[in-house]
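Summary of the model geometry
This is what each chain is made of:
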Amino acid sequence: MKYKLLLTSSLVAIVAMGLLVGNINAREEERVELNKVDGIPENPTVNSEWARYYPRQYSSWKKTKESDNIEDLVEKKPQLAVIWAGYRFAIDYNAPRGHYYAVQDNINSLRTGGPVDDKTGPMPTACWTCKSPDVVRLIEEDGELEFFTGKWARYGSEVVNAIGCMDCHDPKTAELAVGRPHLNKGLKAAGLPTFEESTHQEKRSLVCAQCHSEYYFKKTPYVNKEGKEATAAVVTFPWSNGLSAEDMEKYYDSIEFSDWTHKLSKTPMLKAQHPGYEISSTGIHAQKGVSCADCHMPYTQEGSVKYSDHQVRNPLETMDRSCMTCHRESEEKLKSIVARKFERKEFLMEIAMDNLAKAHLETARAIELGATDEELKEIRTLIRHGQWRWDYSIASHGSFFHAPEETLRLLASANEKAQQARIKLVKVLAKYGNAQYIAPDFDTKQKAQALAGVNMQAEIDAKMKFKKSLEQEWHKVAKSKQLLDEENRKDVDTKSSYFGN
Ligand code: HEC
Ligand code: HEC
Ligand code: HEC
Ligand code: HEC
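Sequence order sets the numbering: in each chain, residues are counted from 1 along the sequence as written. Here the convention is simple: chains get letters from A, ligands get numbers from 1, in the order in which they are written. Restriction of local features to residues with pLDDT of at least 70 applies here, the model being predicted, together with a cutoff of 80 or more for giving and counting side-chain atom pairs; totals for whole chains, interfaces and linings are based on all residues. Note that the side-chain values use all heavy atoms of the structure and ignore hydrogens as well as water.

**Observations regarding helix α10 (residues 200–209)**
Accessibility here uses a 1.4 Å probe with only protein chains present; expressed as a share of the type maximum, an area under 20% marks a residue as buried, one over 50% as exposed, and anything in between as partly exposed. Counting from the N terminus, the helices are the DSSP runs of H or I reaching at least four residues and the strands are the DSSP runs of E reaching at least two. Within α10, the full set of buried residues consists of K203, R204, S205, L206, V207 and A209. Contacts between residues were defined by any pair of non-hydrogen atoms, one from each residue, lying within 4.5 Å. Elements that come into contact with the buried residues of α10 comprise α8 (165–168), α9 (181–189), α12 (276–280), α14 (292–296) and β5 (299–302).

Following this line, the structure appears as structure tokens:
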């Protein structure tokens, strides 16, 4: 009797195993079938050249154009201008939109200024890094150090195609690939497997991590091709202590790095970029092995053909394919859970921004009254760390959903640091006879930018002049070199935060 039972249960187990293996094999076959190379374009940086081989991926990729709304975040959250005073983000900062606009938005941002030739303007070449497959080509052609040398304007006629096929695929095999060396360097520094060593499922997130990650520009001296000494500003992931906000803070503190000195409080500041990969890796979905592509590029069935939807966008627009493959609640229910997460983040974020902005203004008042650097030292460290935690937690916009606990934990920590700074500031202000000081209003973009010393008209004038002259030159040169995908550039320049909206 016992044996019979055992036998039956082992048989059941063996059959089940067989089915499972069969299932895995079928899935692997499907994957291989899906990834079959149909052809490789001659000019792979030009996205439209891939269309004839992969029409479904191409036409869904092209639909990233539909997400075209410009959301001026300095207008929406004026505290930002105070918090970023002295840094170009205080001038212009919009919410992200479709990948299709990446190059044009970088050109139109007031942050990149109005260069008049290839040697002027406020930004280094590194600002192109996450905008275009042309960057992969240039790093291959010129070498990484050469690419990261000089001003942003230097590559204006070369970086002309928005985020596309060659950003995530090897142009020779069409397999997933990362053409930017900084990702593997970061992974190695963190003691993690490189892209090539990672599982297929991890690769479906790591292609995004090339760009949706925290980085800084590491000053790197080298000798260039002409034998001259040069300095590159190389995009580098600060991952060697780990991927958390505290790990990176320690990294930056240990090399005494700062992105800028705050105009009001004179604090050496850190600007978080968008540590989306890092923060989401702490969330339940990443922990359960769900990849970025599972939600943002869901499989789509078209007749008998299955393919990945390349319209990377807000997954709440594709819940049937992005969420309902795993979840059993109704879409409405799930949406309301997500909406509540957003409200919780907004609540703590507003308090943190208010405290940080006031801490900067109160420090500025203390300086005015004669407070010394020694008296302000601890206060500035609190502001630096508080603002870093705030920025790390919210700079990648989906974090409230990707990693709600970590986002709220960091916002709480940011608040605590800013509050501590303000308590110490009351003492310093009292010492100089101004304990009653109340920071001025910063509740509109105009008021906040005035406090930050931003001259918007001058910025807009310089940009418009550039758009009429140098930008036109860039187009001509790119066209003559056959780099430009005119089909996909012709109507991307219709709006920004300061025109057309
Ligand atoms: C942001 C990254 C990204 C970009 C840009 C991108 N792809 Fe993909 N692509 C992926 C991912 C992720 C997959 C899923 C691969 C897998 O799981 O094997 C994929 C899959 C594919 C596949 C395999 C079949 C399928 O649909 O799953 C093809 C073919 C493909 N992409 C072509 C293209 C083409 C053509 C372009 C440009 C128009 C493009 N991709 C742009 C990330 C990208
Ligand atoms: C080559 C760099 C790069 C890669 C690779 C990349 N992104 Fe992006 N992504 C960007 C940039 C830059 C923007 C903002 C574009 C803009 O606002 O003009 C953006 C915007 C987005 C948005 C906002 C879209 C919208 O409509 O609001 C989402 C979502 C997104 N990316 C997800 C992903 C995912 C998921 C992957 C991987 C499958 C990925 N990205 C790969 C650079 C990249
Ligand atoms: C479980 C599903 C899921 C996974 C996995 C996921 N995301 Fe998201 N992501 C979302 C949802 C839902 C939102 C939209 C939240 C909202 O309403 O703003 C979002 C928002 C975003 C945004 C902000 C878009 C915007 O316009 O504000 C970016 C960028 C982004 N995700 C990138 C990524 C990257 C990169 C990864 C992988 C490291 C990833 N996501 C993994 C579901 C997911
Ligand atoms: C591949 C499977 C998978 C996909 C796709 C997926 N989820 Fe999940 N989700 C999970 C798992 C697993 C958990 C963890 C809870 C559990 O184990 O039941 C989870 C948890 C959640 C939670 C609760 C956890 C928290 O952070 O509070 C929410 C909300 C959620 N998912 C929303 C979504 C939404 C919205 C989408 C689509 C944009 C989505 N999920 C896509 C598997 C998935």
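After that view, the rundown keeps rolling.
**Looking at the pairing of β5**
Both β5 and strand β6 (residues 305–308) contribute to a ladder of four bridges, which runs antiparallel. Its bridge partner lying in β6, Y299 is registered against S308. Linking β5 to β6, which pair antiparallel, is a turn of two residues; within it G303 sits at a positive phi near 60°. Strand pairing follows a simple DSSP-based rule, namely that at least 2 bridges must link the two strands.

**Section: unusual backbone geometry**
Non-glycine residue K266 carries a positive phi angle of around 55°. Tracing the backbone shows K266 in the loop between β3 (260–261) and β4 (268–269). A residue is classified by how much of its surface remains accessible, and K266, at 44% relative accessible area, is partly exposed. The backbone of Q482 shows a phi angle near 55°, a positive value even though the residue is not glycine.

**Things to note about the nonpolar core**
We call a set of buried Ala, Val, Leu, Ile, Met, Phe, Trp, Tyr and Cys residues a nonpolar core when their side-chain atoms join them within 4.5 Å. With 50 residues, the main nonpolar core has W84 and W390 as its most contacted residues. With nine residues, the top contributor of residues to this core is helix α16 (residues 331–369). Setting aside anything within four residues of it in sequence, one finds W84 in contact with F89, A90, Y93, W260, H262, K271, Q387, W390 and D391. In this structure, W128, F195, W239 and Y277 belong to the second largest nonpolar core, which totals 49 residues.

**What about empty space enclosed by the protein?**
Points on a 1 Å grid, built from protein atoms alone, make a cavity when a 1.4 Å probe fits but cannot get out and make a pocket when they are open with protein on both sides within 12 Å along at least 5 of 7 lines; residues with an atom within 4 Å of a point are the lining residues. Grid points are joined across faces, edges and corners, and a volume is the space filled by probe spheres set on the points. Evaluated as defined, the whole model comprises three cavities of 30 Å³ or more. Of the pockets and cavities examined, the largest cavity occupies roughly 60 Å³. Together, N47, W61, Y100, V160, N161, A162, D485, N488 and R489 line the largest cavity. Class assignment for the residues of the lining of the largest cavity results in four nonpolar, three polar and two charged. Counted as a void, the second largest cavity has a volume near 40 Å³. Lining of the second largest cavity is provided by I107, G156, V159, V160, E471, W474, H475 and R489. Gly is placed with the polar residues, together with every amino acid not listed as nonpolar (Ala, Val, Leu, Ile, Met, Phe, Trp, Tyr, Cys and Pro) or charged (Asp, Glu, Lys and Arg).

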